[in-house]
Amino acid sequence: MTSRFTELVVDCHDPERLAAFWCAVLGFKVIDRGEGKVEIGSWEPTVEEVRVRQMPPTLVFIRVPEGKSVKNRLHLDVSPIDGSTDDEVARLLGLGAAKVDVGQGPGRSWVVMADPEGNEFDVLRTLAPSN
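All of these numbers come straight from a predicted model, not from anything done at the bench.

Parameters and conventions
Residues numbered from 1 in each chain as written. Predicted model: local features only at pLDDT ≥ 70, side-chain atom pairs only at ≥ 80, totals over all residues. Heavy atoms only, no water. UniProt positions renumbered as here; feature names shortened; annotations may be inferred. Helix = DSSP H or I, 4+ residues; strand = E, 2+ residues; numbered from the N terminus. Buried < 20%, exposed > 50% of the residue type's maximum accessible area, 1.4 Å probe, protein only. Contact = heavy atoms within 4.5 Å. Pairing = 2+ DSSP bridges. Salt bridge = Lys/Arg side-chain N within 4 Å of Asp/Glu carboxyl O.

**Brief notes about the UniProt feature "domain: VOC" (unreviewed entry) in the chain**
- As annotated by UniProt and renumbered to match this structure, "domain: VOC" (unreviewed entry) occupies residues 4-126.
- Counted over residues 4-126, helix gives 24% and strand 29%. Its end C-alpha atoms are 28 Å apart.

Listed below in structure tokens is the structure:
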């Protein structure tokens, strides 16, 4: 018996706003909406597909009353696929992200950022083909 990693849930104040931000970051689409929640993903999960093989998890944004109070213990890492890391950081800043310092120190090969509600994530090295 095994389980599948099917969703990553993010508590937030504004599920629609965070879903729109992360759709723009990842090229995902909204696949489900409900009272106080929005689910996004790169595919629409079906029980049959999930049972056959591990598929990429979806992101679910759930409205909660409390705010974020400390550094995340779990975060996403993203890697640009068609531009440099610096170009991607600039794009994400334009979407509403912010650069943050969580004690990572200078000279790192990644950039620590936060989404519009302060959830940290890392922008890693580019996966774009080199010329």
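**A look at the environment of Gly96**
- With respect to the element layout, Gly96 can be found in the loop between α3 (85-95) and β6 (98-99).
- With a relative accessible area of 37%, Gly96 lands in the partly exposed category.
- Between the alpha carbons of Gly96 and Pro116 there is a distance of 5.7 Å; along the sequence they are 20 residues apart.
- Apart from residues lying up to four places away in sequence, Gly96 is in contact with Phe21, Asp115 and Pro116.

**A closer look at the sheet that holds strand β5 (residues 76-78)**
- Ordered in space as β5-β8-β7-β6, the 4 strands form an open sheet in which the pairing is mixed. Only two strands of the sheet have a single partner each, and these edge strands are β5 and β6.
- Pairing geometry for β5 and strand β8 (residues 120-123), over 3 bridges, is parallel. Following the sheet pairing, Leu76 is matched in β8 by Phe121.

**Considering the pattern of salt bridges**
- All told, the structure shown has 4 salt bridges when counted by the stated rule.
- A salt bridge links Lys68 to Glu120; the shortest N-O distance between them is 3.1 Å. Placement of Lys68 in the loop between β4 (58-63) and β5 and of Glu120 in strand β8 is noted, with a sequence separation of 52 residues between them.
- Among the residues examined, Lys68 registers a relative accessible area of 37% and is labelled partly exposed.
- Glu120 gets classed as buried once you look at its relative accessible area, which sits at 13%.
- Note that Arg91 is salt-bridged to Glu88, the shortest N-O span being 2.8 Å.

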